[in-house]
Amino acid sequence: GLAHFHEHMLFLGTAKYPHENDFEQYLGRNGGSSNAFTDMEDTNYYFSVSPLDHEESDDDTDDDVDEEDAAAPPGGRTSAALSGALDRLAQFMI
């Protein structure tokens, strides 16, 4: 019922990202996808993105990968793709 309805609301946009399907399009541009399911007591949303940055960030403060970051172990740096996806998903929850 209502939980399943909210599952589908994820694709309609938010105040910060008002375009319909922005979340799915962003994930696609960054090598990812998403899905959701509603169980008896909860609704689960999940997504994936490529661990590499594919899209230019809105701010140019520290987007260049320097030698130190390139040599960092996996998990040592959060990609802009993951940060952007988390921000978009979080907007549906506030």
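Below is a short write-up of the structure. (Residues numbered from 1 in each chain as written. Predicted model: local features only at pLDDT ≥ 70, side-chain atom pairs only at ≥ 80, totals over all residues. Heavy atoms only, no water.)

Quick notes on the nonpolar core
Then step 1. Leu10, Phe23, Tyr26, Leu27, Val49, Ala81, Ala85 and Leu89 form the largest nonpolar core, which has eight residues in total.
Then step 2. Elements with a minimum of two residues in this core: α2 (22–29) and α4 (80–91).
Then step 3. Other than its neighbours up to four places away in sequence, Val49 contacts Leu27, Asn30, Gly31, Gly32, Ala81, Leu82 and Ala85. (Core = buried A, V, L, I, M, F, W, Y, C linked by side-chain atoms within 4.5 Å. Buried < 20%, exposed > 50% of the residue type's maximum accessible area, 1.4 Å probe, protein only. Helix = DSSP H or I, 4+ residues; strand = E, 2+ residues; numbered from the N terminus. Contact = heavy atoms within 4.5 Å.)

Brief notes about the environment of Ala15
Then step 1. For Ala15, the position within the fold is in the loop between α1 (2–9) and α2.
Then step 2. Sequence-wise, Ala15 and Phe92 are 77 residues apart; in three dimensions their C-alpha atoms are separated by 9.2 Å.

Here we look at the pattern of salt bridges
Then step 1. Taken as a whole, this structure holds two salt bridges when the rule is applied.
Then step 2. Taking the shortest distance from any N to any O, the salt bridge between Lys16 and Asp87 comes out at 2.8 Å. Placement of Lys16 in the loop between α1 and α2 and of Asp87 in helix α4 is noted, with a sequence separation of 71 residues between them.
Then step 3. The exposure class of Lys16 is partly exposed, given its relative accessible area of 47%.
Then step 4. Since its relative accessible area comes to 22%, Asp87 is described here as partly exposed. (Salt bridge = Lys/Arg side-chain N within 4 Å of Asp/Glu carboxyl O.)

Considerations on the packing of aromatic side chains
When we look at a pair of aromatic rings, we describe it by the centre distance and by the angle of the planes.
Then step 1. Per the counting criterion, the structure on display carries two aromatic pairs.
Then step 2. On the numbers, 6.0 Å between centres and 85° between planes, the contact of Phe23 with Phe47 is edge-to-face. Taken together, the residues span a long stretch of sequence, with Phe23 in helix α2 and Phe47 in strand β2 (residues 43–48) at a distance of 24 residues.
Then step 3. Using a relative accessible area of 3% as the deciding quantity, one classes Phe23 as buried.
Then step 4. Considering the side-chain rings of Phe23 and Phe92, the 6.3 Å spacing of their centres and the 75° angle between planes classify their relative orientation as edge-to-face. Placement of Phe23 in helix α2 and of Phe92 in the segment after α4 is noted, with a sequence separation of 69 residues between them.
Then step 5. According to the relative accessible area criterion, Phe92 is partly exposed, its value standing at 24%. (Phe/Tyr/Trp six-rings, centres within 6.5 Å; stacked < 30°, edge-to-face > 60°.)

Considering the pairing of β2
Then step 1. When strand β1 (residues 33–38) meets β2, the two strands line up antiparallel, connected through six bridges. When the bridges of β2 are listed, Ser34 appears paired with Phe47. (Pairing = 2+ DSSP bridges.)

In short, the description is geometric, and any link to function would need to be established separately.
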